[in-house]
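Structural overview for review
What follows is each chain in one-letter form.
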Amino acid sequence: MHQPYRSHTLTRRGFLTRALALAGGAAASTLMMSCSAGNPFAASAARAQTPPAKPEGGPPGGPGGPGGPGGNETAALAEPFVGITANGAVQSGLFSIASIGVSTAPVRLAAESFLASLSDAQRAATTFAVDDAEWRKWSNIDSYMRQGVKLEDLSDAQRAATFDLMGAALSAKGLQLSRDIMRLNTTEGEVMNRLSGFNEWLYYVTVMGTPSDSEPWGFQIDGHHLVINYFILGDQVVMSSVFMGAEPPVATSGVYAGVSVLQAEQNKGLGLINAIPDGQRQQAIIQVSKTGNNNLAEAFKDNLVLDYAGLSAGDLAEGLQTQLLDLVNEYVSNMDDGHARVRMDEVRSHLAETCFAWIGETGPDAVFYYRVHSPVILIEFDHQGRGPAGMALGSPETPSRNHIHTVVRTPNGNDYGKDLLRQHYEQHPHT
């Protein structure tokens, strides 16, 4: 019989011991948040554990250590998970185990069907303990050494089961976006004449824990320009960390000509900064010149320390607050509709503690970075420099609209649902 768990680097007891120690040290921490005045970006970047990511590409053991440029897997995983914080201390009391009345049964059933479609060897390769470090082993780098089963190696029926799982977990919009990102990886391969290294099937699936209506479990999709971490406990869902990107984001040639992604995220962000009155816009713009890549919360940045910066949403007029929430919803609505509504309620409850920051110009063809940052969500959008060697869509150093990275995180310890998992273990000790 298939064994649903395998012993890896971190046992449940080990996870709980570390989590309780971290939580105990920060339990009394209540963050007094304000969006920093002036230009705090340099300070934020300096406090980050690693600098802004460099253009992607290169071998897994290249600059930055395993995982590629901009992130060091070995160093990152050696640190106990804390989560993204504004000052190094986790803000407590933000997340709780509760029944929210949105069924996760469709995701469980789809996951069971996916696992049943696999051979014994495939199933063994793709299943991990729910508290395994596999959650944190993701990267956008195309050559990153991944675990699990690869879509390229699956039959048509097994691929269909994979997409059924994604479809149960995501909204129709989220599934379409994910599939289109995969398709644009083929476009990238066509542009570079490297379809063996860039195509729509080079994505891996892992399942953490055993699909259940009551016990914690989840799954991960991991590949170039698409990473989805999806944690489930009862009827609660945490969908983060999520990485979505594309180079190019719009296919003008090839088998997928006309496919387009991340344009709403781009255009709504630009629309928001230009709708903000001049005086407040200057507060939001923390750096006018955009000369490189600015995302800070990509792979192996689980313990990033990032100050709040930019303009406080609490200072915006009601209509602009609505516009900001619409921008956030563009990302959140990639989840299934019921859980997206719950997530947006969570975001709204912290709207007064939310900051909007911008780097770059604001003209109609501007190249820019923005982030939305609150105690419960961090969103980054970044126009990047050219990616892998041979990509013919711009210079390596100069960011352009031909290369987009986005990241969605849950700060203060709940990426990968880890704070909910910690609470679950406190309430239901596992041996």
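Scroll up to find the structure.
Thresholds applied
Residues numbered from 1 in each chain as written. Predicted model: local features only at pLDDT ≥ 70, side-chain atom pairs only at ≥ 80, totals over all residues. Heavy atoms only, no water. Phe/Tyr/Trp six-rings, centres within 6.5 Å; stacked < 30°, edge-to-face > 60°. Helix = DSSP H or I, 4+ residues; strand = E, 2+ residues; numbered from the N terminus. Buried < 20%, exposed > 50% of the residue type's maximum accessible area, 1.4 Å probe, protein only. Expected span 1.5 Å × (residues − 1). Arc of directions from axis to C-beta. Axes fitted to C-alpha atoms, helices over the stretch in contact; angles between N-to-C directions. Left-handed = near helix turned anticlockwise from the far one by under 90°. Contact = heavy atoms within 4.5 Å. Nonpolar A, V, L, I, M, F, W, Y, C, P; charged D, E, K, R; others polar. Salt bridge = Lys/Arg side-chain N within 4 Å of Asp/Glu carboxyl O.

Bringing the packing of aromatic side chains into the picture now. Counting across every chain of the model gives 13 aromatic pairs. Ring geometry for F219 versus Y230: centroids 5.2 Å apart, planes at 20°, classification stacked. One end of the pair, F219, is in strand β4 (residues 217-223); the other, Y230, is in strand β5 (residues 226-233), and eleven residues separate them in sequence. For the pair F219 and Y230, one class covers both residues: buried. Plain terms: the ring middles of W358 and F368 are 4.4 Å apart, the flat faces sit at 25° to each other, and that makes the pair stacked. On the criterion of sequence distance, the pair formed by W358 in strand β9 (residues 355-360) and F368 in strand β10 (residues 368-373) is long-range, its members being ten residues apart.

Here we come to helix α8 (residues 263-275). Its 13 residues place the ends of α8 18 Å apart at the C-alpha level, agreeing with the 18 Å of an ideal helix rising 1.5 Å per residue. When we look at burial in α8, the residues that qualify are E265, Q266, G269, L270, L272 and I273. Buried residues of α8, seen end-on, are gathered within an arc of 160° and therefore sit on one face of the element.

What follows covers the packing of helix α10 (residues 318-332) against helix α11 (residues 337-349). Their axes nearest at 10 Å, the elements α10 and α11 cross at an angle of 145°. Of the two elements, α10 crosses α11, and the hand of that crossing is right-handed. On α11, the residues that touch L325, V328, N329 and V332 of α10 are A340, R343, M344, V347 and R348. Within the contact of α10 with α11, the residues separate by chemical class into six nonpolar, one polar and two charged.

Attention now moves to the pattern of salt bridges. Side-chain pairs of opposite charge can arise where the charged atoms are in close proximity. What the rule picks out here adds up to 19 salt bridges. With a closest N to O distance of 2.5 Å, R343 and E346 form a salt bridge. Here R343 and its partner E346 are both found in helix α11, three residues apart, which amounts to about one turn of the helix. In this structure, R422 engages D419 in a salt bridge whose closest nitrogen and oxygen atoms are separated by 2.7 Å. With R422 and D419 both in helix α12 (residues 418-427), this residue pair falls three residues apart, about one helical turn. Across the pair, D419 and R422 agree in class, each one buried. It is possible to trace a salt-bridge network through shared partners that takes in R136, D302, R409 and D415.

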